[in-house]
Amino acid sequence: MSTSRSVGDTGRRGAATDEVATPSRNTSDGFARSQGTDFFATDDLLTAEELSIRDRVRAFSDEQLIPVANDYWERGEFPRELVPRYAELAVAGGAIRNYGCPGMSSVADGLVALELARGDGSFSTFNSVHSGLAMSSIDLLGSEEQKERWLPPMARCEKLGAFALTEPDHGSDVVRLETRARRDGDCWVLNGAKRWIGNGTIADLVLVWARDEDGHVGGFVVDRTEDNQAGYHASVITGKTSNRALWQADIRLEDVRVPAENRLAGSRTFADTNRCLTKSRQTIAWEALGHAIGAYECALAYAKQREQFGRRIAGFQLVQDKLSHMVADITSMQLICLRMAQLQAEGRVGIEHASLAKLNTATGARRVCAMARDILGGNGILLDHHVARHHADMEAVYTYEGTDTVQSLIVGRAVTGMSAFI
Ligand SMILES: Cc1cc2nc3c(=O)[nH]c(=O)nc-3n(C[C@H](O)[C@H](O)[C@H](O)COP(=O)(O)OP(=O)(O)OC[C@H]3O[C@@H](n4cnc5c(N)ncnc54)[C@H](O)[C@@H]3O)c2cc1C
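Residues numbered from 1 in each chain as written. Predicted model: local features only at pLDDT ≥ 70, side-chain atom pairs only at ≥ 80, totals over all residues.

A. Here's a closer look at the overall build of the protein chain. Within the protein chain one finds 10 helices and 9 strands. For the protein chain, the C-alpha radius of gyration of 22 Å lies close to 22 Å, the compact-globule estimate for 422 residues. Projected onto its principal axes, the C-alpha positions of the protein chain cover 80 × 45 × 40 Å. Every one of the 422 residues in the protein chain was classed for burial, and the buried ones make up 52%. (Helix = DSSP H or I, 4+ residues; strand = E, 2+ residues; numbered from the N terminus. Rg over C-alpha atoms; globule rule 2.2 N^0.38 Å. Buried ≥ 20, exposed ≤ 12 C-beta atoms within 10 Å, placed from the backbone.)

This is the structure in structure tokens:
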């Protein structure tokens, strides 16, 4: 069994780095060597290509994201200059085949989200919005012509995407969305309001979900580089305590005209929207795993250095109990994510699978981040050690793409055959 590598097990960071190679063996200083997070040899399940993609993104996270993440987070700024370097990774578009997209496996697509979140949750959310929500929706519901038109420049990050579904008055019940699309000659005219829209101020292509005059929900691509922008008003939401280095927007749409051909060809009802959410919630499940691993690694390294009562705190039974529960959570998340990705590759993931995965990983990662924060004592609320950032950012992950409760109700509907939504 590989002890130093796993799905997301980086085997690095501070004191932990040199000690992950050999499991549970006493060293000359009497301090047992650390086990990595690969308790179930998940690395053995990855192909050489998946490992290579993971390592590429891992290096980006370690060398480019982590060193600047705290500073951007504290200033509430998006590190836009990193977008060209992200583009060079050639991961935007993930598992989408053709149209200039990487066409990687579902597992590799998940590993990208994991590694970015392990580094920086805000940048990871940028990836989830651009690649996971906007590009995947165009791939799932777009016509050939629409995919040819929008996906290649998005894969190169020449055009950035956003996904505008949530509204000020409709979050969990977004199926009741009120934004309207009225047909006027060769155009759709959009009116309404959107809230919490990642990339909403910087995106070139904003996928706006609206209800047409027949009451049908569709996705309308507002191309901000081409369409009449007079009625598109976006402002950054400030005062956030989570995901601070990514800009989410409040958007007002006042008679925004988009060409008729910009309605995603396959978007006719909210069931189509749900197909997009089923795909993107899987990305979020991997993202949560990345946060958990990032926070765990920092806490382990800290516990092996910090001394209280004359010995390193990692040697205390109650600290080990916390670390063990954190690894237990991480391991179950790894296995769920991997199996989910295998099912996704076979076209067998339904909305309830994606919800169960998001439910499991978001609650598990939130627990892991809280324990990590505790292990660092007072330093757990300082950005310096990265744990505070993971802890805060997990609050956004817990809520976006549907709250924990909403995922629970979707799973509940699947297991009982009864919907609690109505
Ligand atoms: C950082 C961040 C980024 C986001 N990015 C995007 C984006 O890019 N695009 C986009 O469209 N949206 C985005 N969102 C919106 C996100 O999906 C919503 O915030 C989420 O769906 C919850 O909606 P809400 O905030 O309106 O909460 P509400 O729906 O008002 O929920 C409030 C509380 O009520 C509970 N609740 C609701 N209904 C029920 C019920 N039936 N039974 C029991 N409890 C219930 C919820 O679980 C929650 O605890 C983002 C949100 C955040 C915070």
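B. Focus on the site of the ligand. The full set close to the ligand counts 20 residues, and L165, T166, G171, S172 and T405 are the nearest of them. For the shell around the ligand, the secondary-structure elements that each account for two or more residues are β1 (161-164), β3 (187-198), α9 (387-399) and α10 (404-416). Considering every element that reaches the shell around the ligand, the biggest residue donor is β3, with 3 residues. Split by residue class, the shell around the ligand holds 9 nonpolar, 10 polar and 1 charged. Looking at which domains feed residues into the shell around the ligand, each of domain 1 (161-268) and domain 2 (271-416) supplies at least three. (Near = placed C-beta within 6 Å. Nonpolar A, V, L, I, M, F, W, Y, C, P; charged D, E, K, R; others polar. Domains from an automatic or database assignment.)

C. Looking closely at the domain arrangement of the protein chain. Taken domain by domain, the protein chain holds domain 1 (161-268) and domain 2 (271-416). Here the side of domain 1 that touches domain 2 is composed, by residue class, of 3 nonpolar, 6 polar and 1 charged.

D. Structural view of the nonpolar core. Among the nonpolar cores identified, the biggest contains 121 residues, and A292, A299 and A372 are the most heavily contacted of them. Considering each element in turn, this core owes the most residues, 17 residues, to helix α6 (residues 270-303). Two domains share this core, each providing at least three of its residues, namely domain 1 (161-268) and domain 2 (271-416). (Core = buried A, V, L, I, M, F, W, Y, C linked by C-beta atoms within 7 Å.)

E. Spatial organisation of the packing of helix α8 (residues 351-375) against α10. Contact geometry for α8 and α10: axes closest at 8 Å, N-to-C directions at 140°. With respect to each other, α8 and α10 are oriented oblique. Seen from above, α8 lies across α10 with left-handed handedness. Residues I351, E352, S355, L356, K358, L359, A362 and T363 of α8 lie in contact with α10, whose contacting residues are D404, Q407, S408, I410, V411 and A414. Considering only residue class, the contact of α8 with α10 consists of 7 nonpolar, 4 polar and 3 charged. (Axes fitted to C-alpha atoms, helices over the stretch in contact; angles between N-to-C directions. Parallel < 35°, antiparallel > 145°, perpendicular 65-115°, else oblique. Left-handed = near helix turned anticlockwise from the far one by under 90°. Contact = placed C-beta atoms within 7 Å.)

F. The pairing of strand β7 (residues 248-259), seen in detail. The pairing of β3 with β7 spans 9 bridges and is classified as antiparallel. Across the sheet, A193 pairs through a bridge with R252, a residue of β7. By the bridge criterion, 5 bridges tie strand β6 (residues 232-236) to β7 in an arrangement that is antiparallel. Of the residues in β7, the one forming a bridge with S235 is D250. (Pairing = 2+ DSSP bridges.)

G. Spotlight on the packing of helix α3 (residues 106-119) against helix α7 (residues 317-345). The geometry of α3 relative to α7 is characterised by a closest axis approach of 8 Å and an angle of 135° between their N-to-C directions. In terms of axis orientation, α3 runs oblique to α7. Every pair of crossing elements has a handedness; the one defined by α3 and α7 is right-handed. Only C337, L338, A341, Q344 and A345 of α7 make contact with α3, whose side of the interface consists of S106, V107 and G110. Grouping the constituent residues of the contact of α3 with α7 by class yields 5 nonpolar, 3 polar and no charged.

H. Structural context of helix α4 (residues 121-141). At S128, α4 shows its largest kink, close to 30°. Counting buried positions over the 21 residues of α4 gives 20, a clear majority of the element. (Bend = angle between axes of the 7 residues up to and from the residue.)

I. Focus on unusual backbone geometry. A positive phi angle is found at N98, which is not glycine, with a value near 65°. A residue is classified by how many C-beta atoms lie within 10 Å of it, and N98, with 13 of them, is partly exposed. Phi is positive for Y99, close to 55°, though the residue is something other than glycine. Position of Y99 relative to the elements: it lies in the loop between α2 (83-88) and α3. Note on Y99: 22 C-beta atoms within 10 Å, which makes it buried.

J. Spotlight on the confidence of the model for the protein chain. On average, residues of the protein chain carry a pLDDT of 92, and 91% of them reach 70 or more. Low pLDDT, under 50, characterises residues 1-5; the stretch is placed with 19 contacts to residues that sit more than four places away or in other chains. Per-residue pLDDT stays below 50 along residues 10-32; that stretch engages in 39 contacts with residues further than four places along the chain or on separate chains. (pLDDT = per-residue confidence, 0-100.)

K. Spatial organisation of α3. Taking 1.5 Å as the rise per residue, α3 with 14 residues should run 20 Å; its terminal C-alpha atoms sit 20 Å apart, in good agreement. Summarising burial for α3: 14 of the 14 residues are buried, a large majority. (Expected span 1.5 Å × (residues − 1).)

L. Region of interest: the environment of F163. Along the chain, F163 falls in strand β1. Setting aside anything within four residues of it in sequence, one finds F163 in contact with V129, L133, A134, S137 and L207.

M. Broad picture of the environment of D404. In this fold, D404 is placed in helix α10. D404 sits in the partly exposed class, given 15 other C-beta atoms within 10 Å. In this structure, the C-alpha to C-alpha distance between D404 and T361, residues 43 residues apart in sequence, is 10 Å. Apart from residues no more than four positions distant in its own chain, D404 is found in contact with L359, A362, T363 and Y398.

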